[in-house]
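Each chain is listed here by its residues.
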Amino acid sequence: QVQLVESGGGLVQPGGSLRISCAASGIIFRINVMGWYRQAPGAQRELVAIITSGAATRYADSVKGRFTISRDNAVNAVYLQMNSLKPEDTAVYYCYANVGASEVAYWGQGTQVTVSS
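Residues numbered from 1 in each chain as written. Predicted model: local features only at pLDDT ≥ 70, side-chain atom pairs only at ≥ 80, totals over all residues. Heavy atoms only, no water.

A. The overall build of the protein, seen in detail. When its secondary structure is counted, the protein shows zero helices and 11 strands. Going from N to C terminus, the protein has its helices and strands arranged as β-β-β-β-β-β-β-β-β-β-β. On C-alpha atoms alone, the protein measures out to a radius of gyration of 14 Å, which is about the 13 Å that the 2.2 N^0.38 rule sets for 117 residues. Structurally, the protein occupies a C-alpha span of about 45 × 25 × 25 Å along its principal axes. Expressed as a percentage of its 117 residues, the buried residues of the protein come to 44%. In the protein, the proportion of contacts linking residues at least 24 apart, taken out of those at least 6 apart, comes to 53%. In the structure as shown, the protein presents an accessible area of about 6100 Å², 48% of it carried by carbon and sulfur atoms. (Helix = DSSP H or I, 4+ residues; strand = E, 2+ residues; numbered from the N terminus. Rg over C-alpha atoms; globule rule 2.2 N^0.38 Å. Buried < 20%, exposed > 50% of the residue type's maximum accessible area, 1.4 Å probe, protein only. Contact = heavy atoms within 4.5 Å. Areas by Shrake-Rupley, 256 points an atom, 1.4 Å probe, with all protein chains shown as cover.)

B. Examining the pattern of salt bridges more closely. Considering all chains together, one arrives at four salt bridges under this definition. Here Glu46 makes a salt bridge to Arg38, at a shortest N to O gap of 2.8 Å. By relative accessible area, which is 36% here, Glu46 ends up partly exposed. You can call Arg38 buried: its relative accessible area is 6%. Linking Arg66 and Asp89 is a salt bridge whose minimum nitrogen-to-oxygen distance equals 2.8 Å. Of this pair, Arg66 sits in the loop between strand S6 (57–59) and strand S7 (67–72) while Asp89 sits in the loop between strand S8 (77–82) and strand S9 (91–99), placing them 23 residues apart in sequence. Asp89 carries the same exposure label as Arg66, and that label is buried. Salt bridges sharing common partners tie together Arg38, Glu46, Arg66 and Asp89. (Salt bridge = Lys/Arg side-chain N within 4 Å of Asp/Glu carboxyl O.)

C. Structural detail: the packing of aromatic side chains. Within this structure, the stated rule accounts for three aromatic pairs. A ring pair is formed by Tyr37 and Tyr96, whose centres lie 5.6 Å apart and whose planes are at 65 degrees; its orientation type is edge-to-face. Placement of Tyr37 in strand S4 (residues 31–39) and of Tyr96 in strand S9 is noted, with a sequence separation of 59 residues between them. For the pair shown, Tyr37 and Tyr96 are each scored as buried. A centroid spacing of 5.1 Å and a plane angle of 55 degrees characterise the contact between Tyr96 and Trp107, whose relative ring orientation is tilted. Residue Tyr96 is found in strand S9, and its partner Trp107 is found in strand S10 (residues 104–107); the two are separated by 11 residues along the sequence. (Phe/Tyr/Trp six-rings, centres within 6.5 Å; stacked < 30°, edge-to-face > 60°.)

D. Layout of the state of the cysteines. Applying the stated criterion across every chain, the model contains one disulfide. A sulfur-sulfur separation of 2.0 Å characterises the disulfide bridge that pairs Cys22 with Cys95. Given an S-S torsion of about -80 degrees, the disulfide between Cys22 and Cys95 has left-handed geometry. One end of the pair, Cys22, is in strand S3 (residues 18–25); the other, Cys95, is in strand S9, and 73 residues separate them in sequence. This pair shows no difference in class: Cys22 is buried, exactly as Cys95 is. (Disulfide = S-S within 2.5 Å.)

Okay, here's the thing in structure tokens:
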């Protein structure tokens, strides 16, 4: 059974930093893409950042220069380092993995990130 488990969310002040992690288990095929999406209250889920198996990355314009995505293929994990956090970054952050030749999508349960003073 495939599972994506996020950790590291929490409350941080504006301008602060936070690192969230996601570990994938139960996956026997290659993970093509891993990444992070977020969903704020009343809003649609949106892409934050993704990273391919070859370490190519893509970021939402709103987080470029502040967030950094990284990946450890040996342990099927993906990380998101978030710096210079703003209140508008407040959302539930979901881990995403695209797996195998059929490109099956898997999602984590989400981790809350709240940026507030």
